[in-house]
Amino acid sequence: MKVSKKVSGVEYAIRDVVSAAKDLEKQGKTIDYLNIGDPVQYGFHPPENVKKAYIDAIKKDQNYYSASEGIQELRSAIAEKENSKGLSIGADDVLITNGVSEGLDMVMSSIVEEGDEVLLPGPYYPPYASYIRLRGGIPVEFSVDLENSTPDIADIKSKITSKTVAICLISPNNPTGAVFDESSLKQLIDVANENNLYIICDEIYDQIVFDKKFVGIGKVAGNSPVIILNGFSKVHLMSGWRVGYIAFNNSPQLDSIREHLPKLARVRISTNHPAQYAALESLRGPQEYISEFVTELKKHRDLVVSRLNSMPGISCSNPKGAFYAFPKIENNPFKSDKEFVLNLLKSKGVLAVHGSGFGTKYGSGYFRLVFLPNMKILNSALDKIEDFVSGYKS
Ligand SMILES: Cc1ncc(COP(=O)(O)O)c(C=O)c1O
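For every chain, the first residue of its written sequence is number 1, and the numbers climb from 1 along that sequence. Only residues with pLDDT of at least 70 get local features here, since the model is predicted, and only at 80 or more are side-chain atom pairs given and counted; chain-wide, interface and lining totals rely on the full set of residues. Hydrogens and water molecules were not included; the side-chain quantities draw on all heavy atoms of the structure.

**Section: the overall build of the chain**
In DSSP terms, a helix is any run of H or I states spanning at least four residues, a strand is any run of E spanning at least two, and both are numbered starting from the N terminus. Along its length, the chain carries 15 helices and 15 strands. With C-alpha atoms as the basis for the radius of gyration, the globule rule is written as 2.2 Å multiplied by the number of residues raised to the power 0.38. Radius of gyration (C-alpha) of the chain: 21 Å, near the 21 Å computed for a compact globule of 394 residues. Projected onto its principal axes, the C-alpha coordinates of the chain cover approximately 60 × 55 × 55 Å. By residue count, 58% of the 394 residues in the chain fall in the buried class. Intrachain contacts of the chain at a sequence separation of at least 6 include 75% that bridge at least 24 residues. Here the Shrake-Rupley method, with its probe set to 1.4 Å, supplies the accessible areas, and only the displayed protein chains count as covering residues. Only carbon and sulfur atoms are counted for the fraction: they give 50% of the accessible area of the chain, which is about 16300 Å². A 1.4 Å probe rolled over the protein chains alone gives each residue an accessible area, and that area as a share of the maximum for its type sets the label: buried under 20%, exposed over 50%, partly exposed in between. We call two residues in contact when some of their heavy atoms are within 4.5 Å.

**Quick word on unusual backbone geometry**
Backbone phi values are negative for most residues with the exception of glycine, while trans is the configuration of most peptide bonds. Backbone torsion omega between Ser 171 and Pro 172 reads -5 degrees, so that peptide bond is classified as cis. Note that Pro 172 resides in the loop between β6 (164-170) and α9 (182-194). Residue Pro 175 is reached from Asn 174 by a cis peptide bond, and omega for that bond is 20 degrees. Here Pro 175 shows up in the loop between β6 and α9. Phi at Asn 196 is positive, roughly 55 degrees, even though this residue is not glycine. As for its placement among the helices and strands, Asn 196 is situated in the loop between α9 and β7 (198-202). Asn 196 sits in the exposed class, given a relative accessible area of 58%. Although it is not a glycine, Ala 322 adopts a positive phi angle of roughly 65 degrees. Examined against the element boundaries, Ala 322 turns out to sit in the loop between β10 (314-315) and β11 (324-325). Overall, the relative accessible area of 0% leaves Ala 322 in the buried class.

**Looking at the site of the ligand**
Around the ligand sit 13 residues in total, of which Val 100, Ser 101, Tyr 205, Ser 233 and Lys 234 are the nearest. Two N or O atoms form a polar contact when they lie within 3.5 Å of each other; inside protein one atom must be a possible hydrogen donor and the other a possible acceptor, and for residues adjacent in sequence the pair counts only when both atoms belong to side chains. Within the side chain of Asp 202, an N or O atom sits 2.7 Å from a nitrogen atom of the ligand. At a separation of 2.6 Å, an oxygen atom of the ligand approaches a polar side-chain atom of Lys 234. Here the ligand has 400 Å² of accessible area as a free molecule, and 93% of this is covered by the chains. Among the elements that take part in the shell around the ligand, helix α6 (residues 99-111) stands out by supplying 3 residues, more than any other. Residues are labelled near a given molecule or strand when at least one of their non-hydrogen atoms is within 4 Å of it.

**Some remarks on the sheet that holds strand β2 (residues 94-97)**
Backbone-to-backbone hydrogen bonds join strands into a sheet, with any given pair of strands oriented parallel or antiparallel. Strand pairing requires that DSSP identify at least two bridges connecting the strands. One open sheet holds the 8 strands; their spatial order is β2-β9-β8-β7-β6-β3-β4-β5, and the pairing between them is mixed. Two strands lie at the open edges of the sheet, namely β2 and β5 (150-151), each paired on one side alone. Pairing of strand β3 (residues 117-122) with β6, which is carried by 3 bridges, proceeds in the parallel orientation. By the bridge assignment, Glu 117 is partnered in β6 with Thr 164. Only the stretch in contact is used when fitting a helix axis, every axis being a line fitted to C-alpha atoms; angles between N-to-C directions are given from 0 to 180 degrees. Helix-sheet contacts for helix α5 (residues 72-84) involve β2, β8 (226-231) and β9 (244-248), and the interaxial angle to β2 is about 115 degrees. Across the sheet, α6 is in contact with β2, β3, β6, β7, β8 and β9; its angle to β8 comes to roughly 155 degrees.

Written as structure tokens, this is what we have:
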């Protein structure tokens, strides 16, 4: 029977390549999975006090629907966190969601109508384009300099039309690891203000940065119409518990969305109630587990980038945050980056994601590797990639 064009058009490259890997596994091949951005699947776990908070909430019978906007204690703790990054908001400016994914869905549902355009950093995390298209909107990619981690402001300005409603930022970025600095963020705020656009900023990797202290959009937001998306899946190692949030800046331009978006929270009733207590504990309890995680990841980043750059026909800019490397395939002998990835999988059993899955305009010709696996697995996977690219070169 018929399904809507909108839903049949949804793509999610990160999971799409998995079916090819599963087929090979059925034939007895061992696969190195370097495709999923989930730290928990690679052995990084939430600390015991956080797990205990979840279990305690269950034992205390907090197993019923929570308030649709989320529990007040967690909303307060999140407001404090965002204020320490530069905003000036209260608990009522925070809405708890089933991960950033649901927050993104709610924001796009609230602002995008048929034919509206939304600017996205190219390449981008695929659900951004999917949620925009599901609402009949059009994702428009702008260019980002990966070497310097800077958005191309002139390119953004040239792509703003009467149909543009928002600029989305993802910093640190998936798939590139680019992190925008304060001056770039300020310029982006200025462009948004000049054109009466929402700024939607995804900071889910905010504490996973390797070289410089992180600066969030809150630091330069002033009273601009900034909406922050964030959550507990990456930094806080709680991907399967599905907790995220939307934080609204104190801006009169956000009055309408603040009135209407919470209705979407009410129609879906509530998020996971006991998991919200775990999220609260992850903010209020000891924070060392985060620095330990990031220190380990930095070693992985350094290894992966230096090894990739020593391979023939591969070049890789240094990801400044998150846990992805996004190498460029110079002189690809295959007909596309997707073919490169599928051949790498078939011949060496290493699963990466093709760059064009993150937007064809700026992602084509690249592939994405997750550097979450331990150093031994990473080294072995890199040996296989090196063999692969050296083999087709000779
Ligand atoms: C930039 C970005 N935003 C959001 C998500 C999904 O977050 P959540 O698990 O909170 O839905 C991801 C996951 O990979 C991501 O990379």
